[in-house]
Each structure stands twice: as structure tokens, then as C-alpha cells.
Amino acid sequence: MAKTLFDKIWDAHVVREVAGGLTVFYIDRHLIHEVTSPQAFDELTARGLTLHRPEQIVATADHNVPTRYQDQPIQDPLSRSQVDKLTENCAKFGVELYGLGHQYQGIVHVIGPELGITQPGLTMVCGDSHTSTHGAFGTIAFGIGTSQVTQVMASQCLLLDKPKRMRITLDGDLRPGVTAKDLILYVISQLGTGGATGYFVEYAGSAIRALSMEGRMTICNMSIEMGARGGLIAPDATTFDYVKGRRFAPQGENWNRAVAYWQTLYSDEDAIFDAEQHFDASAIQPMITYGTNPGMGIPLATSIPVLTGGSEATSFDKSLRYMGFQPGESLLGKEINYVFIGSCTNSRIEDLRTVAAYVKGKQKAAHVEAIIVPGSKQVEQQAIAEGIDKVLAEAGFELREPGCSACLAMNDDKIPAGAYCVSTSNRNFEGRQGPGARTLLASPLVAAITAVEGRLVDITQYLN
Amino acid sequence: MEKFQTLRSGVVPLPIENVDTDQIIPARFLKATTREGFGANLFADWRYAADGRPNADFVLNDSRYQGHQILLAGKNFGCGSSREHAAWALYDAGFRVVISSYFADIFRGNALNTGLLPLQVSDEVLQGLFAVVTADPRATLAVDLQAQTLTVPGWAEAIHFELDPYKKECLINGYDDIDFLISQQAAITAYEQQRSWVF
Ligand code: SF4
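No experiment lies behind these values; they were computed from the predicted model shown.

S.K.: When you look at the overall build of chain B in this model, what are you seeing that I'm missing?
M.R.: Per the secondary structure count, chain B includes eight helices and seven strands. Projected onto its principal axes, the C-alpha coordinates of chain B cover approximately 60 × 45 × 25 Å. Counting only residues that meet the buried cut, chain B has 58% of its 199 residues in that class. Residue pairs in contact within chain B that sit at least 24 positions apart in sequence constitute 64% of those at least 6 positions apart. On chain B, the mean spot of the 16 positive side-chain charges and the mean spot of the 24 negative ones are 4 Å from each other.

S.K.: I tried to follow the site of the ligand on my own but got confused; where do I start?
M.R.: Residues and elements named next belong to chain A. Around the ligand, the neighbouring residues are His63, Ile107, His109, Asp128, His130, Ser343, Cys344, Cys404, Cys407, Leu408, Asn426 and Arg432. Using a 2 Å cut-off from the grid points, one finds that the ligand occupies the largest cavity. Looking at the shell around the ligand, its residues break down into five nonpolar, five polar and two charged. Looking at which domains feed residues into the shell around the ligand, each of domain 1 (5-276) and domain 2 (286-462) gives three or more.

S.K.: Help me understand the interface of chain A and chain B, please; the structure alone is not making it clear to me.
M.R.: Accessible area lost during the coming together of the parts is what is often quoted as the interface size. Across the boundary between the two partners, chain A contributes 73 residues, which contact 54 residues of chain B. Taken together, both faces of the contact between chain A and chain B bury some 5200 Å²; the carbon and sulfur share is 56%. The largest per-residue losses of area from chain A upon contact with chain B belong to A:Gln39, A:Arg47 and A:Leu159, which jointly make up 10% of the total buried on that side. Counting across the interface, chain A meets chain B through seven salt bridges. With a shortest N-O distance of 2.6 Å, A:Asp76 and B:Lys31 are connected by a salt bridge. Counting every contact that joins chain A to chain B gives 30 residue pairs in polar contact (both at pLDDT 80 or more). Elements with a contribution of two residues or more to the side of chain A that touches chain B: strand E1 (14-18), strand E2 (22-26), helix H2 (38-46), helix H3 (77-93), helix H5 (146-155), strand E8 (157-161), helix H10 (252-262) and helix H11 (313-323) of chain A.

S.K.: Just checking my understanding: could you explain the sheet that holds strand E2 (residues 70-73) of chain B for this structure?
M.R.: For sheets, the rule is that strands pair by backbone hydrogen bonds, running either parallel or antiparallel. Residues and elements named next belong to chain B. In space, the seven strands of this open sheet follow the order E4-E3-E2-E1-E5-E6-E7, with mixed pairing throughout. Every other strand in the sheet has two partners, leaving strand E4 (117-120) and strand E7 (159-160) as the edge strands with one partner each. In the sheet, E2 pairs with strand E3 (residues 97-100) via three bridges, with the strands oriented parallel. Paired with Ile70 across the bridge in E3 is Val97.

S.K.: Could you clarify how one ought to interpret the side chain of A:Gln82 in this entry?
M.R.: Inspection of the secondary structure puts A:Gln82 in helix H3. A polar atom in the side chain of A:Gln82 sits 2.8 Å from the backbone oxygen of B:Leu30. Aside from chain neighbours lying at most four places away, what touches A:Gln82 is A:Glu34, A:Val35, A:Asn64, A:Met410, B:Leu30, B:Lys31, B:Ala32 and B:Thr33.

S.K.: How do you make sense of the pattern of salt bridges when you look at a structure like this?
M.R.: Close approach of charged atoms allows side chains of opposite charge to pair. Within this structure, the stated rule accounts for 35 salt bridges over all chains. The salt bridge involving B:Asp179 is made with A:Arg47; its shortest N-O contact spans 3.1 Å. Taken as a pair, B:Asp179 in helix H7 (residues 177-182) and A:Arg47 in the loop between H2 and strand E4 (57-60) lie in two separate chains rather than in one. A salt bridge links A:Glu329 to A:Lys334, with the shortest nitrogen-to-oxygen separation between them at 2.7 Å.

S.K.: I would appreciate a short explanation of the UniProt feature "binding site: [4Fe-4S] cluster" (unreviewed entry) in chain A in the present structure.
M.R.: Residue and element names in this part refer to chain A. As annotated in UniProt, the feature "binding site: [4Fe-4S] cluster" (unreviewed entry) corresponds to Cys344, Cys404 and Cys407 in the numbering used here. Taken along the chain, the residues just named run across 64 residues; in space they keep tight, none of their C-alpha pairs more than 8.7 Å apart. Among the annotated residues just listed, those that line the largest cavity are Cys344, Cys404 and Cys407. Relative to the assigned elements, Cys344 resides in the loop between strand E15 (338-341) and helix H12 (349-359). Within the secondary structure layout, Cys404 lies in the loop between strand E17 (398-399) and strand E18 (420-423). Judged by its relative accessible area of 8%, Cys404 falls in the buried class. Not counting residues up to four positions away in its chain, the partners in contact with Cys404 are Asp62, His63, Ile107 and Phe340.

S.K.: Which parts of the structure should I look at to understand helix H13 (residues 377-385) of chain A?
M.R.: In an α-helix there are 3.6 residues to a turn, and that puts residues three or four apart on one side. All names here are of chain A. Every buried residue belonging to H13 is among Lys377, Val379, Glu380 and Ala383, and all of these are buried. The buried residues of H13 occupy an angular sector of 165 degrees when projected down its axis, which confines them to one face. Contacts made by the buried residues of H13 are with helix H4 (108-114), H12 and helix H14 (388-394). For H13, the N-terminal capping position is held by Ser376, with its side-chain oxygen 3.3 Å away from the main-chain nitrogen of Gln378.

What counts as what
- Residues numbered from 1 in each chain as written.
- Chains lettered and ligands numbered in written order.
- Predicted model: local features only at pLDDT ≥ 70, side-chain atom pairs only at ≥ 80, totals over all residues.
- Heavy atoms only, no water.
- Helix = DSSP H or I, 4+ residues; strand = E, 2+ residues; numbered from the N terminus.
- Buried < 20%, exposed > 50% of the residue type's maximum accessible area, 1.4 Å probe, protein only.
- Contact = heavy atoms within 4.5 Å.
- Lys, Arg positive; Asp, Glu negative; His and termini not counted.
- Charge placed at Lys NZ, Arg CZ, Asp CG, Glu CD.
- Near = heavy atom within 4 Å.
- 1 Å grid on protein atoms, 1.4 Å probe; cavity = no way out; pocket = protein on both sides within 12 Å on 5 of 7 lines; lining within 4 Å.
- Sits in = over half its atoms within 2 Å of the grid points.
- Nonpolar A, V, L, I, M, F, W, Y, C, P; charged D, E, K, R; others polar.
- Domains from an automatic or database assignment.
- Buried area = accessible area lost by both parts, 1.4 Å probe.
- Salt bridge = Lys/Arg side-chain N within 4 Å of Asp/Glu carboxyl O.
- Polar contact = N/O pair within 3.5 Å; in protein donor to acceptor, adjacent residues only side chain to side chain.
- Pairing = 2+ DSSP bridges.
- UniProt positions renumbered as here; feature names shortened; annotations may be inferred.
- Arc of directions from axis to C-beta.

Here it is in C-alpha cells:
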């Protein structure tokens, strides 16, 4: 029978089906970090259990770490105790840890792919909703809660019901200045924050095929922002080239066997999806969000919609009040004081290159604070090797050390109340970047141009 | 996990759509390494002013709704991050049931693993419930998990709600998935021996 890509991987990971339509589902790789793992380790201990397969777990410290002076002890006592707890737990339970200062440390969803831990055909979980990022490799990857983290620790399995399958097809060539981030912001603006709830999404079409792995990760990363359990993209030569030679990638004869298997991972021609969506990628423009959920996005050069009546109106009004915007208003010309380039959505080397290429020889506006937080130590090192650090410094941008940073503002990197921040992260929820902070989500290119201009502009006028 | 069978309680109305986990429990409160105590910071940015004083116009600070164990919320409740802390915070603050017309997937799972019942109703029923609670802040609803019914004062018929049969058993008995998964050890080990696609 014809199968979707999702079904092929799912079926290979069914340990057994149990009554009531639930599946004991096997997890190949488990990523953990300091914020959602301590309670899971404690629960394990309280029940007298231990890790079923410690070698299938990799840990890093990313969510609450400072992005300056990482060689010194963490100042905030609560953050320090959480990171110390991770270190203790990993030592006690025999888990590989890429902690602060380690050459492989970084945001979980950046280091997994970069180390070759993420591979096609696998199943991966992490106590973090943006685990969907890894789906870019043709991997079933999704975020789980802490109770489920404990379950995977104890059994390497989860008890799941099978999600429905949706395919989102994006065909056409991208316009100048349009990036993967714009594609996904556009899709979410069309489907809404709950538009894919209950589904696992496969992205397909010529616009997806043409993307780099970094771009594909940006797309899959934000699947959760429309409620999807995860997103995935069929692996192809772009995928294999990216994985090849990475630290945990298959070697020698195993590599050939792996690729032979990976080449079978695609949706069969007549496979049936529970839902299909098609978009013309060539019509998509540079995007920005104006509200307090990622579905509230518009082409940067157009105006905020006007919503009248309906059950959504109250939430819409509340959202615009928080942002200090009016219905029907254009965002062009709005003064911006903060630009944050980072997060598991857009902190990879390709993102930093995009920013550097634009800002080279230019200066950020005087009133803008522009920080760039690389996704990992390896990205940081690569940026230094390519001289990107110097280009950024000359343009007045501050290159920090790796972590989640102002994406969720658990550390000191916060946007002040009332201030506007153009951010390359994935969530513009109220208070996400600090209490009262106002976040506008956009691509690294839009962020770079905004930092230089000091206000929102129609970026298509600024491209060489 | 605590058992859940029936509940009769007043309701706290929160008629906002897309309430995300960053509102339920802001990230800066996630630094604890235990499960307890998150209730104090539930909805912190709506509940308290910048100086830490309670916001008089936020429903959790309204004396008419104190002690109520059912939260009534707009569509797509719990979207956003996977933090189970959101479910813990609601539970720790005394809630045992959240009613909405739509729940984000991860939140729904986390709630069930915490012993908090995510009770899904239609958009129409949700609007009706808001009307009942707005008219009478002391209105009490009755939830019967075994019968899968929600009884509303003044409504002729109880509302039936859906729940996965396995999850229902777990809640009623206070079991969780770990007990079950551990019992599957033999099948899991057998499966691991025939995995051929990990290179
Ligand atoms: S960068 Fe942001 S979204 Fe990504 S894992 Fe960190 S906190 Fe979560």
C-alpha cells in the first residue's frame, strides 16, 4: 500500500500496538537540556528506575545560560543550580554532556544536526517543542513534556496515538529578499496558530527542494507554531551532503548502507494525506508579525488587518493593545530599538553569513541595540574563522556566546517593557522576550536591514 | 498521580483565545528543579503588576472566583512550548479541570500526565458556559469522568465529552504511562535487537 514518508518512519518504530489505538513507539535519540530534565531524573530515582539506553541520550546546557563570560561561573544562583544539576545528573547516569565551554555546546536543535546526531529515518524527542526542527532531515522529531522525558529515559519509548498527516506544498521560485523564514511565517499566517493541531506536516514542492538544510530547519522548526506535532521533509542529496562527515554520521561501508536506506524515505506517489495545502511560493513577500502569536503575520510592506466581530476580536484587540499598534496601520517607518538575531530558528552559520553580507561596510543605527547569538560553539568558531565576527563588530553588532538567550529571556538577555524588538526567533508571545517586551518576528535579512535603518522599511528597496 | 473521578466546583472564566504556555507560566519562573510551587506564578504577567502587586482586574484576583477548581478558557488553550510546568502551575494553583474548545497537543498530554483534566467542548458550548459563569460567578459545574459528562446549572441535558479510553482509566486510577511502559520491557528489548536502520 502506498505510504507517506511519515508512515514509513512511524511503522518502522512501532514496538507494538496496544488496545485503544495506542502505540508503544520507539525513540532512537533523546536530547535533554537543563530546564526540562531535572524533575525527570528525580522521578526516575524516586521510582527506583534507571536509564534504559544512556548512550542514546545527549545533553547540553542552552536555555538559561548567559551569553557573556561563559568561561566564568554563572552569576544567577538559580540558573547556576539548574546547570549544575544537569552536570551532576549526566555524570551520575552516564549521559554525554556538552556543557558550557564545551566545543560542541549550543542550542539542542542546532547541535543535533551539526554533530550528525540527527539523521534521516530516525525518531528523536526532546523536552522542547522546537524539536520539530530535526524533521528537516526526514526524521520524526517532536517535543515532549517532562513526564514523557521520564518515560523515554526509563524505556526509550512513548505511548502515542498516531497523528493525522498533512502535506504542505510550496512551489515556485522565491523573490529576491524572501527566505525560508518568510515562507513559514506566511504559511502560519494562512493556517493560524491552531491550523495544524493534531497533524504531522510534510513540506514538499520545488521551493522546499531548493532550500539549504539551514532553510529547511527554519521551516520545520516553526511547525509547532501552527499547532503541528512536527514537520518533516523528505531527505535528498542536499540532506546527505550535509550529514556526510559529521561527527556521529555513519562512516565507510555503513555510510553507503545508510544512504541506500535513506533514499527509500519519501511519500509514495499515490500516498494519501488527511489534509493537503498548496501555496505559490513565488507570490510570498518578506514577512513580519505584528501581534502576539506567530500566526499574526503580514507582508512587511502591507498593513495590519482590521478585524470586526467574531469570537477572535477580543483576543485580537488585546494583542494589538499589547503591541501598541492600530488595526489597519502600516508598520513601515516604525522605530525599532532592539534587534535580536539568534534562536534555534535562525542562528546557524548561513544566517550569520546573510547578516554579515548585508551589514558589511554599513553601521547599525545609533539608537538600535543589535545582538547576535550564535546557535552553537561550532557556529561561533566558524563565524570567527570566516571573519564574520569582525564585520559584525565594525557594523556595531554585538556577537555573543551561544545559547537560547533573548528567544525566551531566561537569562539576562531581556528586552525592556514597551520596547520593540525585531527578532529572528519563533515566538512573539506576550512577555516572551521579557515582561512587557514587544516582539516582531522576521528573517535575519529583515532584522539586519532594520538594525541599519533603525526603523521598519520595505526591504525590497534595499537589496543590491 | 492523584486519582480523578468527579468534581463539583465553581469556574474561573478566562475568555481569551490562544493562551500560550508563556502566559500560563513565564519562562523566567522555570528555573526550579522540582515540580512544586509553580502555582504562585501562574499567569504571573497578567496577575501581578510590575511592582508585584495583584492586578485588580485580572480574574484570578477577583474575590468572587476564589477557590474555584475549573478554568474556562478560550479556544486553542496551551499553545506554545512543551513545558509541563504549565500543567503543574495550574494544578498547583488548585485547578483540576480546564475547559476549552481546543487544546494544543503537547499541553493536552502534559495535563493528562499531571492529573489535570483537559475537557474539550464545542465552540457553541464554550460560549454558553461563558454566559452562565458571567451571569452567575458562583455557578457550579459537575464533572463525572466515568460517565464523561459535564452538568451545567439550568441546562436540561448534561454535556458529553470525549476522552481517550486509556487516558480515562489512567486518570480514574491515578496511573501513568511509565508503569505501563516498564511492563513492556521484554517487547522493547526484542524490538531493539531487530532494528536495522541505525547506522
Ligand atoms: S532557542 Fe528558543 S525556541 Fe529554540 S530551544 Fe531555545 S528557547 Fe526554545
